[in-house]
Amino acid sequence: MNKKITLQDVADYASVSTGTVDRVIHERGKVSPEKRKLVEEAITHLGFNPNSLASTLAMGKTFTISTLLPESTTTEKYWSLPKEGAKKMGEEYKDFGFSIDVHEYSLFDESSFVKHANSILEKKPSGVILAPLFEKESVSFLDGLDELNIPYVFIDANIPSRKALSYIGPDSKSSGRVAGMLLHSILHPEGDILIVNMVKGFDNSSLVGVIEQGFLDFLYSKEGKGKRKISSLTINSTDEVDVFRELTKYYIKNPNIKGVFVTNSRSHLIATFHRNHELDIQVIGFDLIEENINQLKNDGIKYLISQNPFFQGKWAVQAFFDFFVYRKTPKKIHHVPIDIIIKENLEFYLNAR
């Protein structure tokens, strides 16, 4: 339903030529009553709105979509992908007056989020694509957008209490549950499990806690239960030296760890540590960034769960296009598929963008 409906789509649905559709729309030439009815029914059913397209082009309207997402750094390459998706779709719709205004905030600095949020409010864009990972600051920003009647789309994380145009992203709890099922399936029932969170604590993360809860829900269920210890380690850094130091201290005290679940895209750091110390520990993480792909190929990571970040950005711009041009309200919740990536199907997903 998020696909842009074309003249050809209407013609195919009505089983007529595009010329017939064009004659019905512009009321020119001869069209039999039967075919006219078929075309009109197709237009209604598919939600095709040629008038809004024509008027948008004729009136020279412009639509600036601001994105407020975490910055792409060496350790945060995941966040380059939704920006790429948004820019790609913005380029596709530039003839309709669409442009993408990129803003990036640091995942370790709430003040950078506030700074860029205030800049966006001053610009008063047509719409905003937001990853609300700092929940408290996001709520304040959303109050400002609501006051200015600026619509917004959430990606990656959702705040259900707010009136977003749409949420496009994973079902976070289900993603965690899938990770729990996968790790349970490859471990001995007595092998201990470690959950690793590389975030700035839990106080301001709207996503990690939900993922972890889904993971635990399965492993504490009758189906997933075993004689194992499940613990959690939060590392307030993504720097390799810091991560390796914290893992060393933890593994010395907990030598029975057999599986690790990393709640974000940095599982490659854990896999590198294991390889350096010749540890036979299974790792499950998220996302097809380059470092994770290399570890998957070399068996450092067993499974990757894809959250389709490229398509999240792309579909968010698509939602605004449908809203402004076709005047269609997008789905309130648009969950991306939970894809399980292994070494054997990796190439398919790499070629799917």
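Rules used throughout
- Residues numbered from 1 in each chain as written.
- Predicted model: local features only at pLDDT ≥ 70, side-chain atom pairs only at ≥ 80, totals over all residues.
- Heavy atoms only, no water.
- Helix = DSSP H or I, 4+ residues; strand = E, 2+ residues; numbered from the N terminus.
- Buried < 20%, exposed > 50% of the residue type's maximum accessible area, 1.4 Å probe, protein only.
- Contact = heavy atoms within 4.5 Å.
- Areas by Shrake-Rupley, 256 points an atom, 1.4 Å probe, with all protein chains shown as cover.
- Lys, Arg positive; Asp, Glu negative; His and termini not counted.
- Charge placed at Lys NZ, Arg CZ, Asp CG, Glu CD.
- Pairing = 2+ DSSP bridges.
- Right-handed = clockwise from strand over helix to strand, strands pointing away.
- Expected span 1.5 Å × (residues − 1).

Draft legend 1. Representation of the overall build of the protein. A tally of regular secondary structure across the protein gives 14 helices and 12 strands. Viewed in the frame of its principal axes, the protein has a C-alpha envelope of about 80 × 45 × 35 Å. In the protein, which comprises 353 residues, the share counted as buried stands at 53%. The long-range fraction of contacts in the protein, counting pairs at least 24 apart against all pairs at least 6 apart in sequence, stands at 69%. Looking at the protein as shown, the accessible area adds up to about 16700 Å², and 51% of this sits on carbon and sulfur atoms. Across the protein, the mean location of the 43 positive side-chain charges is 4 Å away from that of the 45 negative side-chain charges.

Draft legend 2. Region of interest: the pairing of strand S9 (residues 282-286). Among the 5 residues in S9, 4 count as buried, and that is most of the element. Pairing between strand S8 (residues 257-262) and S9: 3 bridges, direction parallel. Counted as the bridge partner of Val260 is Val283 from S9. Handedness of the β-α-β unit built from S8, helix H11 (residues 267-276) and S9 comes out right-handed.

Draft legend 3. A look at helix H6 (residues 110-123). Compared with the 20 Å implied by 1.5 Å per residue over 14 residues, the 20 Å span of H6 between its first and last C-alpha is a close match. Turning to H6, its buried residues number three or more, namely Ser112, Phe113, Ala117, Ile120 and Leu121. In the core, the buried residues of H6 are packed alongside strand S1 (63-70), strand S2 (98-105), strand S3 (127-130) and helix H7 (135-147). Lys124, located one to two residues past H6, shows a positive phi value of around 50°.

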